[in-house]
Amino acid sequence: MEGLKTAETEIVVHAHPSQSNKVHQALKQEMTSLLFKYNEALDGVVLAHSMELASPDAKIISGVVPYFGVRLAAKLLLFSPKKDMLLEGKVEKVSQNIINIVVLGLCSATVSADDIRGEFDFKTKDGEETCYSTRHKSHKIRVGTILRFLVKSWDAETLIISGSMVPKHTGCIRWLELKSKQHATPIRFYSQGSDVDSDFLPPPLKKHRSKVRVVVFPYLKAYKIDLVIVAQ
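Conventions used here
Residues numbered from 1 in each chain as written. Predicted model: local features only at pLDDT ≥ 70, side-chain atom pairs only at ≥ 80, totals over all residues. Heavy atoms only, no water. Helix = DSSP H or I, 4+ residues; strand = E, 2+ residues; numbered from the N terminus. Buried < 20%, exposed > 50% of the residue type's maximum accessible area, 1.4 Å probe, protein only. Arc of directions from axis to C-beta. Contact = heavy atoms within 4.5 Å. Salt bridge = Lys/Arg side-chain N within 4 Å of Asp/Glu carboxyl O. pLDDT = per-residue confidence, 0-100.

## Side note on unusual backbone geometry
With phi around 60°, phenylalanine 36 is a residue other than glycine that occupies positive phi space. Note that phenylalanine 36 resides in the loop between helix H1 (23–32) and strand S2 (38–39). On the basis of relative accessible area, phenylalanine 36 is assigned to the partly exposed category, the value being 47%. Here aspartate 43, not a glycine, exhibits a phi torsion of approximately 55°, which is positive. Mapped onto the secondary structure, aspartate 43 falls in the loop between S2 and strand S3 (44–53). Taking the relative accessible area as the measure of exposure, aspartate 43 reaches 26% and is therefore partly exposed.

Given below as structure tokens:
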């Protein structure tokens, strides 16, 4: 899913002298206070963090006495959706006019009927609303479906996303992945002694050593940001 990124951040926490004997606890509380809120300086919602002291020394802050500053080196996981990004979420409600989705258990997203491509229709069976494709009978969207949709806009303050299912690569993730596998190009293998003309056989593989680089979460981008927060 798009919209996720990591940030390496230098943070200065301004703490009151009353917290001097429990600095680590104060720092942890302030970092926790950043979670699940949109931060303008970071341009995203903080989902997780890890931290360590950038310096064991504290410094009295000029002009804000008696506060002292503690510098932290933090790594943050941020959620920052932008227009035309692909997001995934769990469908919470399906009705004739709108589909409601929850993304990461945090943000609310909606896809209105006007933003759903024409092949889809709605029906009610046994009291359950279903959005289904008239072209592909197995492509159905109901409560509990994991849905992929395109971001039209999002409100950072309320964490509400407006989405679209107009593009063909949006819809039920399970169905989209199954369709992708069905359209994958098959790989054919031939053994020696087969009646296949040798001109059509692939050349023999050469033994060689190669270096393999493993990349974890390639969609995450790293940023470096300076941030100052004040402990209350």
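That was the structure; now back to the text.
## Re helix H2 (residues 173–182)
Each α-helix turn comprises 3.6 residues. Residues three or four places apart therefore point the same way. The set of residues buried in H2 consists of Ile173, Trp175 and Leu176. Within H2, the buried residues cover an arc of 165° as seen down the axis, which keeps them to one side. Along H2, exposed side chains directed more than 90 degrees from the buried face belong to Arg174, Lys181 and Gln182. Where H2 is buried, its residues touch strand S6 (86–94), strand S12 (146–155) and strand S14 (171–172).

## A closer look at the pattern of salt bridges
Two side chains of opposite charge can pair, provided their charged atoms sit close to one another. In total, this model carries 7 salt bridges according to the counting rule given. The shortest N-O distance in the salt bridge between arginine 148 and glutamate 88 comes to 3.4 Å. Within this pair, whereas arginine 148 is found in strand S12, its partner glutamate 88 is found in strand S6, the two being separated by 60 residues in sequence. Measuring nitrogen to oxygen at the nearest pair gives 3.1 Å for the salt bridge that ties lysine 152 to aspartate 115. Of the two residues, lysine 152 sits in strand S12 while aspartate 115 sits in the loop between strand S8 (107–112) and strand S9 (120–125), which places them 37 residues apart along the sequence. Aspartate 115 sits in the buried class, given a relative accessible area of 13%. Sharing partners across several salt bridges, the network here consists of Lys5, Asp43 and Lys82.

## Concerning the side chain of serine 95
Along the chain, serine 95 falls in the loop between S6 and strand S7 (98–103). Setting aside residues no more than four positions away along its own chain, serine 95 makes contact with Phe122 and Glu129.

## Quick word on the confidence of the model for the chain
On average, residues of the chain score 79 in pLDDT, and 73% of them reach the 70 mark or higher. The weakest mean pLDDT in the chain belongs to strand S15 (residues 222–230) at 46; the strongest belongs to strand S13 (residues 160–164) at 97. Here residues 194–201 scores under 50 on pLDDT; set against residues more than four positions off or in separate chains, the count is 3 contacts. Per-residue pLDDT stays below 50 along residues 207–226; that stretch engages in 23 contacts with residues further than four places along the chain or on separate chains.

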